Amino acid sequence: MNKLIKRIERLLKAAELPYFERHYLTVLGDVLQKYRAFFSATEQHQLAHYLDLGNHPRALYLRLAQRQGTWFLPQHCVYEEADPAPAISALIAARIVVLKKPDRAAIDELYN
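Throughout what follows, the structure given in this document is the object of discussion. (Residues numbered from 1 in each chain as written. Predicted model: local features only at pLDDT ≥ 70, side-chain atom pairs only at ≥ 80, totals over all residues. Heavy atoms only, no water.)

Okay, the environment of Q33 next. Summarising the element assignment, Q33 is placed in helix α2 (residues 19-34). Look at Q33 and you get partly exposed, because its relative accessible area is 42%. Between the alpha carbons of Q33 and L4 there is a distance of 9.8 Å; along the sequence they are 29 residues apart. Residue contacts for Q33: discarding those within four places in its chain leaves I5 and E9. (Helix = DSSP H or I, 4+ residues; strand = E, 2+ residues; numbered from the N terminus. Buried < 20%, exposed > 50% of the residue type's maximum accessible area, 1.4 Å probe, protein only. Contact = heavy atoms within 4.5 Å.)

As structure tokens, this is what we get:
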């Protein structure tokens, strides 16, 4: 857990981050310090994968985490701070994002 906190601190010091990522990492670092018992080994492993990503994939992931419905489609993932094609590829490679074609029931659920 301390390794995760140190990695977060390094990112906050070294990288020029978008405001929303700086906020997320600051909050995440505080939560890890104060409530580390709430994180399972699997969750810590997932956080480590997230922190291993480059700036663009991390930024895109945080943007995607705030979306729902058809806004997850890659053509809607255009942001100033993240080049979508390599960022999506990195998220898929890290198994943080899974691209799949929705079935009819999922599409109907979005619009009903």
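A few words now on the packing of helix α1 (residues 2-14) against α2. Direction vectors running N to C along α1 and α2 enclose 155°, while the axes themselves pass 10 Å from each other. Between α1 and α2, the crossing angle belongs to the class labelled roughly antiparallel. Regarding α1 and α2, the two cross each other, and that crossing is left-handed. For the pair α1 and α2, contact is made by L4, I5, I8, E9, L11 and L12 and by R22, L25, T26, L28, G29, L32 and Q33, respectively. Its residues assigned to classes, the contact of α1 with α2 comprises eight nonpolar, three polar and two charged. (Axes fitted to C-alpha atoms, helices over the stretch in contact; angles between N-to-C directions. Parallel < 35°, antiparallel > 145°, perpendicular 65-115°, else oblique. Left-handed = near helix turned anticlockwise from the far one by under 90°. Nonpolar A, V, L, I, M, F, W, Y, C, P; charged D, E, K, R; others polar.)

Tallied over the entire structure, the rule returns two salt bridges. For the salt bridge of R7 with D52, the shortest nitrogen-to-oxygen distance reads 2.1 Å. In this pair, R7 is assigned in helix α1 and D52 in helix α3 (residues 41-52), connecting sequence segments 45 residues apart. Residue D52 is classed as exposed on the basis of its relative accessible area, which comes to 56%. With a closest N to O distance of 2.5 Å, E21 and R58 form a salt bridge. (Salt bridge = Lys/Arg side-chain N within 4 Å of Asp/Glu carboxyl O.)

Bringing the side chain of R58 into the picture now. Tracing the backbone shows R58 in helix α4 (residues 55-65). Dropping the residues within four chain positions of it, R58 is found in contact with L11, L17, E21, Y50, L51 and L53.

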